[in-house]
Each structure stands twice: as structure tokens, then as C-alpha cells.
Amino acid sequence: MDRSSETLDSIREINLSYIMLAQRMLREDRAIGMFRLGLSAELADLLAGLSLAQIVKLAASDQLLCFFRFNDHAMLSALTQTTKHAAVAPTHAAILLAGQPAEQFA
């Protein structure tokens, strides 16, 4: 198996894990799941309602379905720097992420 094939297999595995995790999070607590995933209500409804066949088909994509939410240098730096106040780092991350818009359909 070449590297390209291994990479595509890894992407598909990540996609499947991500979709299944997203569905579980949305079932357990919809509001918290939407916040942690950065999803709009419409996208949360769509993800939560996917059948197993739809999940497998979607996961088979050669594109990553999840994205790196820390797209701001200041945000990423704040979360990775060692600070005197390490106990508040998760709260700081939640505040920074709360300021980002939920993903919407285009």
C-alpha cells in the first residue's frame, strides 16, 4: 500500500469516527454538542438524522469532513502557551470558540 492510499484510508477512518462522535454528542446533549462542534441547528439536525448507509457513504469521501476550529494565531497561541493560570485555559478556549459563528449551509 502506498502512502497516498494510506492517507486516504486514514481520512476515511477519521471521517467515520467524526460523524459517529458528532451524532453521539448531539444525542447526549444537543446544545452542548452544537457548541463543541461549532454547528448550526440545521447542520446538527442533518447530522443527527443520517442513516448508517448515509454515514458510510459520507465517510468514504477523500476530503476531511471535520476542520481545525483554531484558525486564529492568537487563539492557538493562547491555548498552547504555558501560563500561570492553566486552570482557566479550558474556559478561555470556550470563550474564544463561542465568538466564532456556527457553520451554515452555503
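Residues numbered from 1 in each chain as written. Predicted model: local features only at pLDDT ≥ 70, side-chain atom pairs only at ≥ 80, totals over all residues. Heavy atoms only, no water.

Colleague: Quick question: what am I supposed to make of the overall build of the chain here?
Modeller: Assigned secondary structure in the chain consists of six helices and zero strands. When the helices and strands of the chain are listed from N to C terminus, the series reads α-α-α-α-α-α. A buried classification covers 24% of the 106 residues belonging to the chain. Expressed as a percentage of contacts within the chain between residues at least 6 apart in sequence, the contacts between residues at least 24 apart total 64%. Only carbon and sulfur atoms are counted for the fraction: they give 61% of the accessible area of the chain, which is about 7600 Å². (Helix = DSSP H or I, 4+ residues; strand = E, 2+ residues; numbered from the N terminus. Buried < 20%, exposed > 50% of the residue type's maximum accessible area, 1.4 Å probe, protein only. Contact = heavy atoms within 4.5 Å. Areas by Shrake-Rupley, 256 points an atom, 1.4 Å probe, with all protein chains shown as cover.)

Colleague: Please explain the nonpolar core as it appears in this structure.
Modeller: Side chains of nonpolar character tend, in soluble globular proteins, to be buried together. Formed by 14 residues in total, the largest nonpolar core has its most connected members in Ile19, Leu26, Leu37, Leu39, Leu47 and Leu50. If you list the elements that add at least two residues to this core, you get α1 (3–28), α2 (30–37), α3 (41–48) and α4 (52–59). Considering every element that reaches this core, the biggest residue donor is α1, with five residues. With sequence-adjacent residues up to four places away left out, Ile19 is seen in contact with Leu47, Leu50, Ile55, Leu58, Ala59 and Leu65. (Core = buried A, V, L, I, M, F, W, Y, C linked by side-chain atoms within 4.5 Å.)

Colleague: Explanation requested: the pattern of salt bridges in the structure shown.
Modeller: Pairs can form between side chains of opposite charge whenever their charged atoms are close. As enumerated under the stated definition, the model contains three salt bridges in all. For Asp9, the salt bridge is made with Arg12, and the minimal N-O distance between the two is 3.9 Å. Separated by three residues within a single helix, Asp9 and Arg12 lie in helix α1, roughly one turn from each other. On the basis of relative accessible area, Arg12 is assigned to the partly exposed category, the value being 30%. Arg30 is paired through a salt bridge with Asp45; the nearest N and O atoms lie 2.8 Å apart. Placement of the pair is Arg30 in helix α2 and Asp45 in helix α3, with a sequence separation of 15 residues. A relative accessible area of 33% places Arg30 in the partly exposed class. (Salt bridge = Lys/Arg side-chain N within 4 Å of Asp/Glu carboxyl O.)

Colleague: Honestly, a nonpolar patch on the surface in this entry has me stumped. Any pointers?
Modeller: Side chains of Leu16, Met20, Leu52 and Val56 sit close together on the surface and give an oily, nonpolar patch of about 380 Å² of accessible area. Residue assignment for the nonpolar patch shows that the elements contributing at least two residues are α1 and α4. Locating Leu52 in the fold gives a position in helix α4. Looking at Leu52, the relative accessible area reads 64%, which means it is exposed. (Patch = residues over 30% accessible without salt bridge, like charges linked within 9 Å, V, L, I, M, F, W, Y side chains within 5 Å.)

Colleague: Sorry if this is basic, but what is going on with the packing of α1 against α3 here?
Modeller: What describes two packed helices is the angle between their axes and the distance between those same axes. Put simply, α1 and α3 touch, their axes get as near as 9 Å, and they point 110 degrees apart. Considering the angle they form, α1 stands roughly perpendicular to α3. Between α1 and α3 the crossing geometry is left-handed. Packed against α1, whose contacting residues are Ile19, Ala22, Gln23 and Leu26, the element α3 presents Ala44, Leu47 and Ala48 at the interface. (Axes fitted to C-alpha atoms, helices over the stretch in contact; angles between N-to-C directions. Parallel < 35°, antiparallel > 145°, perpendicular 65-115°, else oblique. Left-handed = near helix turned anticlockwise from the far one by under 90°.)

Colleague: Can you help me understand the side chain of Ser40 in this one?
Modeller: Within the secondary structure, Ser40 is located in the loop between α2 and α3. Side-chain polar atoms of Ser40 contact the backbone nitrogen of Leu43, separated by 3.2 Å. (Polar contact = N/O pair within 3.5 Å; in protein donor to acceptor, adjacent residues only side chain to side chain.)

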